[in-house]
There are 2 protein chains.
Amino acid sequence: MTDLPDIAAIHDAARRLAGLIVETPLLESPALNERFGGRVLFKPETLQRTGSFKFRGAYNKIASLSDAERARGVVAFSSGNHAQGVAASAALFGIRAVIAMPVDAPEAKVGNVRRMGAEVIPFDRFRDDRMTVVRRWLDEGMVLVPPFDDPAIIAGQGTVGLELMRQAKALGVTPDAVVMPCGGGGLAGGISIAVKDASASTEVWAAEPEHFDDTRRSLAEGRRVANDPGHDSICDAILTAEPGAITFEINRRTLAGSVAVSEKAVAAAMRDAMAGLKLVVEPGGVVGLAALASGAIATEGRCVVVVLSGGNVDFATYARLIAEAA
Amino acid sequence: MTDLPDIAAIHDAARRLAGLIVETPLLESPALNERFGGRVLFKPETLQRTGSFKFRGAYNKIASLSDAERARGVVAFSSGNHAQGVAASAALFGIRAVIAMPVDAPEAKVGNVRRMGAEVIPFDRFRDDRMTVVRRWLDEGMVLVPPFDDPAIIAGQGTVGLELMRQAKALGVTPDAVVMPCGGGGLAGGISIAVKDASASTEVWAAEPEHFDDTRRSLAEGRRVANDPGHDSICDAILTAEPGAITFEINRRTLAGSVAVSEKAVAAAMRDAMAGLKLVVEPGGVVGLAALASGAIATEGRCVVVVLSGGNVDFATYARLIAEAA
């Protein structure tokens, strides 16, 4: 087992990322505060470079490589947000990036990856083995940048947690709970290390789509369990087969729990984010707010931070989801 | 002529508003910075209480009244954003508010005003005289809260300018230009007083919809001229007949100019705000970005602050505009 990343690794990542990332603010809405009967602070990583938190981990990973490794270029597979994070990081370092993306990935994501100069290799998310798809480039010596199960990736995502705790402190509050979307668990793992370091009593919650609640079920069983195959979801950013080995080893110790939310609740949360915060959040990025709306996480008289992890959604998809979910 | 509001009045307003308003952050997008070849900072008043900057002026005006005046309640007419600002302020003071709103005002705006406890009086924006519509309540002694041509309103809106100059300074920059939407000119007037006080060389630009560019034409003629009747626009928040007497007296001295933008450019700017910033901005709120995209305001190598003044747009209208404008 690789050593788990610690708070020092997250501070190192923050130093590497300084000046390159957007320090996304904490936002709040008087109307939403009233509705939840508490203080709800939103951390909009939608405003991050490339439109999601993924740049943080990808850049930190690539920055951690030796010069020789980095010069050979990088390989990744991703539905889109990690892909954009890797492509943007590779462009900043001036190195080659080859990225395998599902054929059904949102156009906005594929287009952005190509514009940043990466080579996109399409694959079938249901039929193809993604490691086989990228094998050729790995054999050439290019370095894999994994989407979540890697200490440098987790440490990079953890900088979201460092920032939000510091920003909450500047507002004079200690969050009672922090909730964020969870796919493979890299964001949850990184944030939970930073949050627990700053305040051991703050609850850290994950939120997942129905049928993709592998972390929720793994926490219940005390071991990693996979999702049943054959399901699909609008939350393309956070559809993973099972928790990562490293991420679960962290999250089993730190998470208060995980909340599974329906697609209907996700679409409603997208409308809530639009009406209450005027923020465009992609389906997979808004599940934390959907979890709050479900009532599974107490808000009355409490301060809760909700991480909105990404906003990369096609115009047509967004238009359909906000118009439908009435 | 009423005395023009000055920087001291804006500082007074800021003290009254402290703790009640959201101090909206300055946001930026690496992708948009690259596109404009400079640094573009966005001030999203979309995140303000009631979803637009209008709360600032309305609250400052009502707070400036004597206790006896205020107790009689307030009256306003507005397409929606000023209405919400007045309704929210009246609710905070626990006083009655009667608000005349056009029958074609966006549903989101009318609904919000009603939910905040104000009485809504519908009127026809093309046929009815708005002062006649509200005459009855004024005769009962209720106080009119004008939408823009009032020193306390202008001073309240000016707090946007105070904040953005302070926030830019904290980032280590002095803006070369500031651009904001302009209807009656209250936001432009207030902001320009604050901006010029902090930096006399910073250009202040207004942006207006085509056919409603009364401030642009008034600046050109050196006197207040009205818009031709018979036109309509998607920019419901900033459709005024002509500049205010007080606001124009300020703006003729402070503005570098005003840029008129087409509806097509407005819809494209809404998409740019969604794709680049993940912000939902209403048509009338995004004209400053549309003006920048038109090339009329230099951005190359410069720092420009764009005020996004509101985000109160119906789901259906927003869905249509982002899906259409390709």
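Definitions and cut-offs
- Residues numbered from 1 in each chain as written.
- Chains lettered and ligands numbered in written order.
- Predicted model: local features only at pLDDT ≥ 70, side-chain atom pairs only at ≥ 80, totals over all residues.
- Heavy atoms only, no water.
- Helix = DSSP H or I, 4+ residues; strand = E, 2+ residues; numbered from the N terminus.
- Rg over C-alpha atoms; globule rule 2.2 N^0.38 Å.
- Buried < 20%, exposed > 50% of the residue type's maximum accessible area, 1.4 Å probe, protein only.
- Contact = heavy atoms within 4.5 Å.
- Areas by Shrake-Rupley, 256 points an atom, 1.4 Å probe, with all protein chains shown as cover.
- Lys, Arg positive; Asp, Glu negative; His and termini not counted.
- Charge placed at Lys NZ, Arg CZ, Asp CG, Glu CD.
- Domains from an automatic or database assignment.
- Buried area = accessible area lost by both parts, 1.4 Å probe.
- Salt bridge = Lys/Arg side-chain N within 4 Å of Asp/Glu carboxyl O.
- Least-squares fit on C-alpha atoms with pLDDT ≥ 70 in both.
- Pairing = 2+ DSSP bridges.
- Right-handed = clockwise from strand over helix to strand, strands pointing away.
- Polar contact = N/O pair within 3.5 Å; in protein donor to acceptor, adjacent residues only side chain to side chain.
- Nonpolar A, V, L, I, M, F, W, Y, C, P; charged D, E, K, R; others polar.
- Phe/Tyr/Trp six-rings, centres within 6.5 Å; stacked < 30°, edge-to-face > 60°.
- Lys NZ or Arg CZ within 6 Å of the ring centre and 35° of its normal.
- Axes fitted to C-alpha atoms, helices over the stretch in contact; angles between N-to-C directions.
- Expected span 1.5 Å × (residues − 1).

J.: Give me the overall build of chain A: which residues, what numbers.
T.: Assigned secondary structure in chain A consists of 14 helices and 9 strands. Rg of the C-alpha trace for chain A: 18 Å, near the compact-globule value of 20 Å for 326 residues, within the 12% margin. On the principal axes, the C-alpha backbone points of chain A span a range of 55 × 45 × 40 Å. Among the 326 residues that make up chain A, the fraction classed as buried is 61%. Across chain A, contacts joining residues at least 24 apart in sequence account for 74% of those joining residues at least 6 apart. Carbon together with sulfur atoms contributes 49% to the accessible area of chain A, which is approximately 11900 Å² in total. Across chain A, 34 positive and 39 negative side-chain charges occur, with their mean positions spaced 3 Å apart.

J.: Pulling in residues and values, what's your account of unusual backbone geometry?
T.: Of note in this structure, His211(A) is not a glycine but carries a positive phi near 70 degrees. Topologically, His211(A) is positioned in the loop between β7 (203–209) and α10 (214–221).

J.: Give a description of the domain arrangement of chain A that names residues and reports values.
T.: All names here are of chain A. Taken domain by domain, chain A comprises domain 1 (7–53 + 150–325) and domain 2 (55–144). A separation of 23 Å is found between the C-alpha centroids of domain 1 and domain 2. Contact residues are listed per partner, giving 32 residues for domain 1 and 23 residues for domain 2. With both sides pooled, the region where domain 1 packs onto domain 2 buries about 2100 Å², and carbon together with sulfur makes up 53% of that total. When the buried area of domain 1 at its contact with domain 2 is split by residue, Arg16, Thr50 and Asp314 rank highest and sum to 25% of it.

J.: Any chance you could break down the pattern of salt bridges for me, citing the residues and the numbers?
T.: Residue and element names in this part refer to chain A. As enumerated under the stated definition, the model contains 46 salt bridges over all chains in all. Of the charged contacts in the structure, one is a salt bridge between glutamate 119 and arginine 96, with a shortest N-O distance of 2.8 Å. Separated by 23 residues along the polypeptide, glutamate 119 in strand β4 (residues 119–123) and arginine 96 in the loop between α5 (81–93) and β3 (97–102) bring together distant segments of the chain. We classify glutamate 119 as partly exposed; its relative accessible area is 32%. The shortest N-O distance in the salt bridge between aspartate 213 and arginine 217 comes to 3.3 Å. Residue classification places aspartate 213 among the buried residues on the basis of a relative accessible area of 9%. Here the salt bridges share partners, and the residues they tie into one network are Lys43, Glu45, Arg56 and Glu163.

J.: Got a sec to walk through the relation of the copies chain A and chain B? Specific residues and values, please.
T.: Mapping between the two copies of the chain is achieved by a rotation about an axis and a shift along the axis. Overlay of chain A on chain B (RMSD 0.0 Å): rotation 180 degrees, translation along the axis 0.0 Å. Between the two chains, the operation in question is that of a two-fold axis. Identified as the residue of chain A closest to the rotation axis by C-alpha distance is Ala319(A), at 2.1 Å. Here 100% of the contact residues of chain A are again contact residues in chain B; the copies associate through an equivalent surface.

J.: Any chance you could break down the pairing of strand β2 (residues 74–77) of chain A for me, citing the residues and the numbers?
T.: Residue and element names in this part refer to chain A. Neither face of β2 is left uncovered, since the one carrying Val74 and Ala76 and the one carrying Val75 and Phe77 both have all their residues buried. With 4 bridges joining them, β2 and β3 adopt parallel strand pairing. By the bridge assignment for β3, phenylalanine 77 is matched with alanine 100. Crossover handedness for the path β2 to α5 to β3: right-handed. Bridging between β2 and strand β5 (residues 143–144) involves 2 bridges; their strand directions are parallel. Across the sheet, the residue bridging to valine 75 is leucine 144, located in β5.

J.: Got a sec to walk through the interface of chain A and chain B? Specific residues and values, please.
T.: Taken together, the contact pairs 25 residues of chain A with 25 residues of chain B. In this assembly, chain A packs against chain B so that about 2100 Å² is buried in total across both faces, 78% of it on carbon and sulfur atoms. Linking chain A with chain B are 0 salt bridges, by the criterion used here. The tally of links from chain A across to chain B stands at 6 residue pairs in polar contact (both at pLDDT 80 or more). Of all the secondary-structure elements, those providing two or more residues to the side of chain A that touches chain B are α12 (263–277) and α14 (315–324) of chain A. For the side of chain A that touches chain B, the element with the most residues is α14(A), which contributes 5 residues. Within the side of chain A that touches chain B, the residues separate by chemical class into 16 nonpolar, 4 polar and 5 charged.

J.: Any chance you could break down the packing of aromatic side chains for me, citing the residues and the numbers?
T.: With the rule as written, the count across this model stands at 5 aromatic pairs over all chains. Ring centres 5.0 Å apart and planes at 20 degrees place the aromatic pair Tyr59(A) and Phe93(A) in the stacked group. Placement of Tyr59(A) in helix α3 (residues 54–64) and of Phe93(A) in helix α5 is noted, with a sequence separation of 34 residues between them. The class of Tyr59(A) is buried, set by a relative accessible area of 11%. The rings of Phe55(A), Tyr59(A) and Phe93(A) are connected pair by pair, giving a single aromatic cluster. When the ring centre of Phe55(B) is taken as origin, the NZ or CZ atom of Arg49(B), which lies over that ring, is 5.4 Å away.

J.: Which residues make up the sheet that holds strand β4 (residues 119–123) of chain B, and what values do they have?
T.: If you walk across this open sheet you meet the 4 strands as β4-β3-β2-β5 (chain B), and the pairing is parallel. The open sheet has two free edges, formed respectively by β4 and β5 (143–144) of chain B, since each of these has just one partner strand.

J.: Tell me what's going on with the sheet that holds β3(A), and back it up with residues and numbers.
T.: Residues and elements named next belong to chain A. Sheet architecture is open: 4 strands sit in the order β4-β3-β2-β5, paired in parallel fashion. The outermost strands of the open sheet, each flanked by one partner alone, are β4 and β5. On top of the sheet, helix α7 (residues 130–139) reaches β2, β3, β4 and β5; it is set at about 170 degrees to β2, its chief contact.

J.: Explain helix α9 (residues 186–198) of chain A to me, using residue names and the numbers behind them.
T.: Because each turn of an α-helix spans 3.6 residues, side chains separated by three or four positions in sequence point in the same direction. Residue and element names in this part refer to chain A. Relative to the 18 Å expected for 13 residues at 1.5 Å per residue, α9 spans 19 Å between its end C-alpha atoms, a close match to the ideal helical length. Burial of α9 is extensive: 10 of the 13 residues sit out of reach of the surface. Three or more residues of α9 are buried, namely Gly186, Leu187, Ala188, Gly189, Gly190, Ile191, Ser192, Ile193, Ala194 and Val195. Looking at the buried side of α9, the elements it contacts are α1 (7–17), α8 (151–170), β6 (177–181), β7, α11 (245–254) and β9 (303–308).

J.: Help me get a handle on the environment of Gly156(B), residues and values and all.
T.: Locating Gly156(B) in the fold gives a position in helix α8 (residues 151–170). Excluding anything up to four places from it in sequence, Gly156(B) contacts Ala13(B), Leu17(B), Arg56(B), Gly57(B) and Asn60(B).

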